[in-house]
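# Tertiary structure, described
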Amino acid sequence: MLVKYRDDFKKNAMGLLSYVPGLRDVNRLDNEFSWYAISSTRELLLWRDNNGHFIALVGVEHTYGVLVLRYVSIMPEFRNGPLLFEVLDALNQCYPNEILMGTIAGQKIVNAWRRNHEQRTANQIK
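Overview of the structure.

Conventions used here
- Residues numbered from 1 in each chain as written.
- Predicted model: local features only at pLDDT ≥ 70, side-chain atom pairs only at ≥ 80, totals over all residues.
- Heavy atoms only, no water.
- Axes fitted to C-alpha atoms, helices over the stretch in contact; angles between N-to-C directions.
- Helix = DSSP H or I, 4+ residues; strand = E, 2+ residues; numbered from the N terminus.
- Parallel < 35°, antiparallel > 145°, perpendicular 65-115°, else oblique.
- Contact = heavy atoms within 4.5 Å.
- Nonpolar A, V, L, I, M, F, W, Y, C, P; charged D, E, K, R; others polar.
- Core = buried A, V, L, I, M, F, W, Y, C linked by side-chain atoms within 4.5 Å.
- Buried < 20%, exposed > 50% of the residue type's maximum accessible area, 1.4 Å probe, protein only.

## Quick word on the packing of helix H3 (residues 83-94) against helix H4 (residues 107-125)
Axis separation between H3 and H4 bottoms out at 10 Å; the angle between their running directions is 85 degrees. Classed by the angle they form, the pair H3 and H4 counts as roughly perpendicular. Judged by residue contacts, Leu84, Phe85, Leu88, Asp89 and Asn92 of H3 engage Ile109, Ala112, Trp113, Asn116, His117 and Arg120 from H4. Per-class residue counts for the contact of H3 with H4 are six nonpolar, three polar and two charged.

Right, here's the structure in full:
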């Protein structure tokens, strides 16, 4: 389930953010947290599994009815499963009035999720 970032989750969030290319340096990580903190349109969300462990993190920005997916960071042992689509499904459910889009780098992920989502929806109708 998605949980909004709080300062007491910082250690977990830092660990997950360190998987994002370019965010391994501690100073860069601190700058990233500050960047999210200074605007109410930016949000970090963590994915908590059924055991209460944080295993994924999502960075988004709300802009003119669009929810921009800046990045998704998933612990390596969960990357090959369905978790990515589950996270994006939950994100879509949390913000149903916003269109989910990605950055230039992230749009491939959103497109794959959208195709998968449409296919699952079509299979449920049958």
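## As for the nonpolar core
Membership of the largest hydrophobic core comes to 20 residues, with the highest contact counts inside it found for Trp47, Leu69, Leu91 and Leu100. Listed by contribution, the elements that provide at least two residues to this core are strand S2 (42-48), strand S3 (54-63), strand S4 (66-74), H3 and H4. Broken down by element, the residue count for this core peaks at five residues, all from H3. Discounting chain neighbours no more than four positions away, the residues touching Leu100 are Leu67, Leu69, Leu88, Leu91, Val110, Trp113 and Arg114.

## With respect to unusual backbone geometry
One non-glycine residue with positive phi stands out, namely Tyr64, at about 50 degrees. When you line up the elements, Tyr64 lands in the loop between S3 and S4. A relative accessible area of 84% means that Tyr64 is categorised as exposed.

Remember, this is a structural readout, not a statement about activity or role.
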